[in-house]
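# Topology and contacts: notes
So the chains spell out like this:
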Amino acid sequence: MIFSGSSNKPLAQKIAQHLHIELSPIDIHIFPDGEQRIRVGEHVLDQNTIIVQSAGMPTDQNYMQLFFAIDALKRSGAKSVTAVIPYLGYQRQDHVFREGEARSMEVIGAILLSLGVDRVIAGDLHSVKIAEIFKIPLLEVSALPLFAQKIKENKWDDTRTVLVSPDMGGVRRIKKMSELLGGMPFVTIEKNRDLETGTISAGLVQGEIKKRALIVDDMISSGATIIQAVNLLKERGAQDFFVFATHPVFCENAALLLQNSSIEKVFVTDTIAVPKEKQFKKLEIISVGALIAKAYEDSKSNTTSY
Ligand code: R5P
């Protein structure tokens, strides 16, 4: 049985379609003070269940809704609960950057563990540390093969093109992308973020820049990382820019920044539902619904609890 929170019902519907089941009803009531009451609308006793909830903005509210939904399923006797969290919020705080900070991702993992979730399926992860932090099975569904397919379809995998990671943290990702494209060359930019102000500056580039740059990142939040990368690449001779980022967080005026930039096209996925007012002409959204459904099917055959 599959249930959806309110953050990304269109994706939950797609996953359900690929699993050849219907979304089951769930009642989400928001009180005037913002508190949420969740009620599962069908008998789940001894059933394997899936709850789909993305933790994009408002992150905390979406997480609380997910936690309550999991509790409702467990309390109602579900045999297993798989939490599909296409965008796993707080993953950038996967370690303590400065003395005195909380490790937010570990806190989210601890809550999910305490609620008795059997497994989590999430879209592209920010780092390998996240799977280590989680004490429950965490399956990563990567959108990189979908992006690679797009690149091949458009014949951008030629000698005039280079893949770009806009920061050193994305090296694992860009190497994987390069592999998917038969060893396509890549460059990495050294990005610095001021931890006090959040200001981003892009510096050193490692590798040879070419005319067409395909920038690959896990998420676009404010858009600053991508814009800084484009500016730097332009200074060094690149002319055509395409962006591939799994999670369209799109906070502040990211949509406007991207639309008004010299980027030709921005490819993202539907791990986060992009509201109409944040959609823009250069944006193309690719669905990860089929990949998530497949990951779930595969996990069934790989575990004993099913
Ligand atoms: C950072 O390490 C991530 O991989 C993204 O590059 C970053 O979160 C994007 O944020 P923004 O769009 O605000 O620059």
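The structure we're discussing is the one just above.
Residues numbered from 1 in each chain as written. Predicted model: local features only at pLDDT ≥ 70, side-chain atom pairs only at ≥ 80, totals over all residues. Heavy atoms only, no water.

### Examining the site of the ligand
Looking at the ligand, there are 15 residues lining it, with D217, D218, S222, G223 and T225 nearest. Take S222: an N or O atom from its side chain is 2.6 Å from an oxygen atom of the ligand. For the ligand, whose free accessible area comes to 370 Å², the fraction covered by protein is 93%. More than half of the atoms of the ligand fall within 2 Å of the grid points belonging to the largest pocket. At the level of secondary structure, the elements contributing two or more residues to the shell around the ligand comprise β9 (186–193), β11 (212–220) and α7 (224–235). (Near = heavy atom within 4 Å. Polar contact = N/O pair within 3.5 Å; in protein donor to acceptor, adjacent residues only side chain to side chain. Areas by Shrake-Rupley, 256 points an atom, 1.4 Å probe, with all protein chains shown as cover. 1 Å grid on protein atoms, 1.4 Å probe; cavity = no way out; pocket = protein on both sides within 12 Å on 5 of 7 lines; lining within 4 Å. Sits in = over half its atoms within 2 Å of the grid points. Helix = DSSP H or I, 4+ residues; strand = E, 2+ residues; numbered from the N terminus.)

### Focus on the sheet that holds strand β14 (residues 283–286)
Spatially, the seven strands line up as an open sheet ordered β10-β9-β8-β11-β12-β13-β14, and their pairing is mixed. Both edges of this open sheet fall to β10 (200–206) and β14, since each of them pairs with a single strand only. Neighbour to neighbour, the strand axes of the sheet diverge by 25° on average, direction disregarded. Pairing of β11 with strand β12 (residues 240–248) involves eight bridges; the strand directions are parallel. (Pairing = 2+ DSSP bridges. Axes fitted to C-alpha atoms, helices over the stretch in contact; angles between N-to-C directions.)

### A closer look at unusual backbone geometry
Put simply, M57 and P58 share a cis peptide bond, and its omega is -5°. Secondary-structure assignment places P58 in the loop between β4 (48–52) and α2 (59–75). For H20, which is not glycine, the phi torsion reads 60° and is therefore positive. In this fold, H20 is placed in the loop between α1 (9–18) and β2 (26–30). With a phi close to 45°, E252 is a non-glycine residue in the positive phi region. Counting through the fold element by element, E252 comes out in the loop between β12 and α8 (254–259).

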